[in-house]
Amino acid sequence: MASPIYELYNEQVIEHSKKPRNYREMDAANRKAEGVNPLCGDHQIIYLQVEDDVIKDISFICIGEDKVKNCAISKSSASMMTRSLKGKTLKDADTLFNGFHEMLTGELNEAAQDKLGHLGVFAGVRKFPERVKCATLPWHTMRAALNNQEVASTEGALDPASSAGG
Amino acid sequence: MSVTKTSLLETPDILTDARWDVERIREDFPVLRQMVNGKPLVYLDNAASSQVPQIVIDRGSIYLEQEHSNIHRGVHYLSQRATTAYEGAREKVKRFINAREARECIFVRGATEGINLVMHGYGRKFIGEGDEVIISAMEHHSNIVPWQMLCEEKNARLRVIPMNDQGELLLDEYDALLNERTKIVAIAHISNALGTINPVKEMIARAHKYGVPVLLDGAQGAPHLTVDVQDLDCDFYALSGHKMFAPTGSGVVYGKAELLEKMNPFQGGGSMIRTVSFEKTTYAGLPDKFEAGTPAIASQIGLGAAIDYLNSIGREQAVAYEHELLTYATEKISAIEGVRIIGTAREKASVLSFVVDEVHPHDIGTILDQEGIAVRAGHHCAQPVMKRFKVSATARASFAFYNTKHEVDALVSAIEKVIEVFG
């Protein structure tokens with residue numbers, strides 16, 4: 001059995017963290033939100049272009065003082081989220097959001113996890129409760145953008161975890 | 001500081017010196033005898049909070065089992081015993097930092113509360129519009145935010161001493177900042193994020209030429225150096241018990257009696273009064289004036305016991321050993337390809353902050369934890385320091401006298417594993 005550390009930092013997670021997909025600002029975006037985790041400093045902006053309830057385009061950038069900017073978990077999660085959501089309806093996005101969240105909080109059975117497709121590579125995060133917020137940050141930020149909120153935070157009044165899964 | 005250097009010269013290789021039996025010292029700390037994720041715990045987060053020796057735990061138990069009562073207000077037996085123990089701890093603090101009088105040592109919850117006490121008691125009374133407060137670029141948020149709040153309230157100006165790329169304060173710039181509008185200087189004795197030992201004695205002398213009092217944030221200084229407030233001639237010195245082998249909730253702010261006497265009280269309530277009527281209240285003398293309400297009696301008694309412990313093992317020896325350990329760790333870790341040490345001042349203590357190419361410190365922290373190694377990963381409550389060094393965060397290993405060379409070796413192997421995972 002693989003050690004938990006390689007379940008967390010599996011090949012795909014590492015690969016996406018090093019070469020994130022859809023990593024760019026988007027001038028044509030009509031939805032945008034900034035996500036921050038003040039405790040660890042992860043800071044991202046998610047851009048969406050939504051037409052007729054379909055996500056035509058989605059991208060993200062990380063903000064930080066150095067080249068790495070954000071942790072591998074939040075960066076790869078954002079990267080794989082953009083890949084999953086491009087071309088999806090808002091309803092599909094909501095379903096994936098709920099499925100992803102449930103997978104990380106351990107409430108999802110294997111069959112349901114299969115429906116998440118390649119997002120299943122983040123299942124290992126649930127053994128690291130401190131890191132769940134890293135993986136869910138882009139998803140909460142994406143949902144904040146769709147709800148026309150400009151900021152999502154993992155702490156305090158804006159804590160998406162308090163309204164998570166709903 | 002000079003004491004530290006002398007000791008090092010006399011004991012060039014204290015790591016193998018029979019006079020420092022680290023294995024024997026480790027037996028005093030029950031928390032160290034455990035496995036984490038199947039590996040022996042390697043506790044390198046001492047700058048955040050240090051571990052508590054059995055003798056301090058036992059002292060707390062004795063208090064709770066045999067002495068617990070409120071202090072200063074009962075004529076009964078237990079209250080007298082509790083008061084004696086609490087005031088005895090104050091005497092120990094006085095000797096530990098070499099204050100002139102025990103009443104100059106105010107018990108607080110920690111360095112943060114100590115700094116806030118000085119901000120409220122001294123700052124709000126003596127600092128006004130157009131006045132200036134000097135802090136440094138390497139301060140912990142606890143020595144930034146209170147002064148910012150004061151400056152905002154009083155329309156005063158916060159001035160910041162810059163530092164160089166090694167993490168050393170620029171003293172010429174400090175001289176340029178000092179002027180007749182300066183009303184207080186507040187700086188760290190040792191930086192919690194970089195480990196820099198600041199030349200505080202010299203900085204205090206320069207401030208005093210302008211008649212400006214100086215507060216030292218001693219949260220890291222008190223546990224890792226020998227402190228003599230009279231020799232330093234600092235006006236205030238704040239320390240946290242939980243960073244010096246005592247329980248949380250213990251701490252001290254030292255102040256020169258003449259300053260404390262003319263300051264406003266901090267919090268109002270019981271214990272800090274002489275007389276109360278609805279027309280007027282008169283305040284108690286030192287130190288009671290600053291200790292409203294029932295304090296953390298058990299914790300402060302624990303701080304006294306921790307000081308006894310530190311004296312029993314030898315302060316200067318402990319400081320010298322930690323310095324040797326830091327030197328060993330710095331050599332080993334800087335030799336790993338792709339690792340950069342943040343904070344390379346000539347005078348350093350306890351703290352080793354580092355970053356690994358292409359890897360975020362939180363990922364380092366998670367992988368190290370799997371190896372049983374506790375480090376801090378993040379901004380260390382010093383976001384301006386992170387910005388100055390153009391990093392989002394760092395991983396920080398911070399040492400105490402119970403850490404070993406083997407633990408440093410385990411840290412090095414774990415960092416190599418980080419590089420392998422992200423290979």
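Residues numbered from 1 in each chain as written. Chains lettered and ligands numbered in written order. Predicted model: local features only at pLDDT ≥ 70, side-chain atom pairs only at ≥ 80, totals over all residues. Heavy atoms only, no water.

**Q** I'm lost on the pairing of strand 8 (residues 214-217) of chain B in this one. Help?
**A** It is a general feature of regular strands that their side chains alternate between the two faces of the sheet. Residues and elements named next belong to chain B. Burial along strand 8 is two-sided: Val 214 and Leu 216 and Leu 215 and Asp 217, pointing in opposite directions, are all buried. In the sheet, strand 7 (residues 182-188) pairs with strand 8 via four bridges, with the strands oriented parallel. Bridge pairing in strand 8 places Val 185 opposite Val 214. Crossover strand 7 to strand 8 through helix 8 (residues 200-208) is right-handed. In this sheet, strand 9 (residues 236-240) lies alongside strand 8 in parallel orientation, the contact comprising three bridges. What sits directly across from Asp 217, in strand 9, is Ala 238. (Buried < 20%, exposed > 50% of the residue type's maximum accessible area, 1.4 Å probe, protein only. Helix = DSSP H or I, 4+ residues; strand = E, 2+ residues; numbered from the N terminus. Pairing = 2+ DSSP bridges. Right-handed = clockwise from strand over helix to strand, strands pointing away.)

**Q** What is the right way to look at the packing of aromatic side chains in this model?
**A** Given two aromatic rings, one states the distance between the centres and the angle between the planes to describe the pair. Tallied over the full model, the rule gives 17 aromatic pairs over all chains. Between Phe 100 of chain A and Phe 122 of chain A, the aromatic rings sit 5.8 Å apart at their centres with planes inclined by 75°, giving edge-to-face as the arrangement. One end of the pair, Phe 100 of chain A, is in helix 4 (residues 90-104); the other, Phe 122 of chain A, is in the loop between helix 5 (110-115) and helix 6 (132-146), and 22 residues separate them in sequence. For the residue pair Phe 100 of chain A and Phe 122 of chain A, the accessibility class agrees, reading buried in each case. Ring geometry for Phe 401 of chain B versus Tyr 402 of chain B: centroids 5.6 Å apart, planes at 75°, classification edge-to-face. (Phe/Tyr/Trp six-rings, centres within 6.5 Å; stacked < 30°, edge-to-face > 60°.)

**Q** Is there a simple way to think about the pairing of strand 11 (residues 273-276) of chain B in this case?
**A** Of the strand pairs in this sheet, strand 11 of chain B and strand 12 (residues 281-283) of chain B are connected by three bridges, and their pairing is antiparallel. Residue pairing for strand 12 of chain B: Val 276 of chain B is matched across the bridge by Thr 281 of chain B.

**Q** Honestly, the sheet that holds strand 17 (residues 394-398) of chain B in this entry has me stumped. Any pointers?
**A** Strand pairing in a sheet relies on backbone hydrogen bonds, with the paired strands running either antiparallel or parallel. Residue and element names in this part refer to chain B. With antiparallel pairing, four strands are arranged side by side in an open sheet as 13-14-17-16. Taken across any chain shown, the strands that pair with only one partner, and hence form the sheet edges, are strand 13 (339-342) and strand 16 (376-378). Taking each pair of neighbouring strands and ignoring which way they run, the sheet shows an average axis angle of 30°. In terms of strand pairing, strand 14 (residues 351-356) meets strand 17 through four bridges, oriented antiparallel. Residue pairing for strand 17: Val 351 is matched across the bridge by Ser 398. Running over the sheet, helix 14 (residues 361-370) touches strand 14, strand 16 and strand 17 and is turned about 160° from strand 16. Packing of helix 16 (residues 405-421) onto the sheet brings it into contact with strand 13, strand 14 and strand 17, and relative to strand 14 it is tilted by some 20°. (Axes fitted to C-alpha atoms, helices over the stretch in contact; angles between N-to-C directions. Contact = heavy atoms within 4.5 Å.)

**Q** Teacher, can you tell me more about empty space enclosed by the protein here?
**A** Unoccupied space between atoms shows up once a probe the size of one water molecule is rolled over them. Residue and element names in this part refer to chain B. Considering all chains together, one arrives at one cavity of 30 Å³ or more under this definition. Estimates place the volume of the largest cavity at around 40 Å³. In this structure, the largest cavity is lined by Ile 71, His 72, Arg 73, Ser 271, Asp 288, Glu 291, Gly 293 and Pro 295. (1 Å grid on protein atoms, 1.4 Å probe; cavity = no way out; pocket = protein on both sides within 12 Å on 5 of 7 lines; lining within 4 Å. Points joined across faces, edges and corners; volume = space filled by probe spheres on them.)

**Q** Just to check I follow, could you spell out the interface of chain B and chain A for this structure?
**A** Interface extent is often summarised as the accessible area lost during association of the parts. Contacts between chain B and chain A engage 18 residues on the former and 24 residues on the latter. Buried surface at the junction of chain B and chain A, both sides included, amounts to about 1800 Å², of which 55% is carbon and sulfur. Taking the shortest distance from any N to any O, the salt bridge between Glu 65 of chain A and Lys 387 of chain B comes out at 3.3 Å. Put simply, chain B and chain A have 13 residue pairs in polar contact (both at pLDDT 80 or more) between them. Those elements that place two or more of their residues in the side of chain B that touches chain A are helix 14 and helix 16 of chain B. Residue contributions to the side of chain B that touches chain A peak at five residues, all from helix 14 of chain B. Partitioning the side of chain B that touches chain A into residue classes produces five nonpolar, seven polar and six charged. (Buried area = accessible area lost by both parts, 1.4 Å probe. Salt bridge = Lys/Arg side-chain N within 4 Å of Asp/Glu carboxyl O. Polar contact = N/O pair within 3.5 Å; in protein donor to acceptor, adjacent residues only side chain to side chain. Nonpolar A, V, L, I, M, F, W, Y, C, P; charged D, E, K, R; others polar.)

**Q** Teacher, can you tell me more about the environment of Met 149 of chain B here?
**A** All names here are of chain B. Within the secondary structure layout, Met 149 lies in helix 6 (residues 145-154). For Met 149, a relative accessible area of 48% corresponds to the partly exposed category. Residues Met 149 and Arg 103, 46 residues apart in the sequence, show an inter-C-alpha distance of 28 Å.

**Q** How do you make sense of the nonpolar core when you look at a structure like this?
**A** In summary, soluble globular proteins display a tendency toward joint burial of nonpolar side chains. Counting residues in each nonpolar core, the largest one holds 146 residues, and the members touching the most others are Tyr 9 and Met 142 of chain A together with Ile 97, Tyr 237 and Phe 401 of chain B. Here this core takes nine residues from helix 12 (residues 297-313) of chain B, the largest share from any one element. Excluding its chain neighbours within four sequence positions, the residues that come into contact with Phe 401 of chain B are Trp 20, Val 22, Ile 25, Phe 29, Phe 245, Tyr 309, Leu 310, Ile 313, Ala 318, Tyr 321 and Glu 322 of chain B. Residues Leu 117, Ala 238, Val 253 and Phe 290 of chain B belong to the second largest nonpolar core, which totals 29 residues. (Core = buried A, V, L, I, M, F, W, Y, C linked by side-chain atoms within 4.5 Å.)

**Q** So what exactly am I meant to see when it comes to the confidence of the model for chain A here?
**A** In regions of low pLDDT, the predicted coordinates are not meant to be interpreted in detail. Averaged over all residues, the pLDDT of chain A is 88; the fraction at 70 or higher stands at 91%. Long-range and interchain partners of residues 157-166 of chain A, a stretch whose pLDDT sits below 50, account for 17 contacts in this model, where long-range means more than four residues apart. (pLDDT = per-residue confidence, 0-100.)

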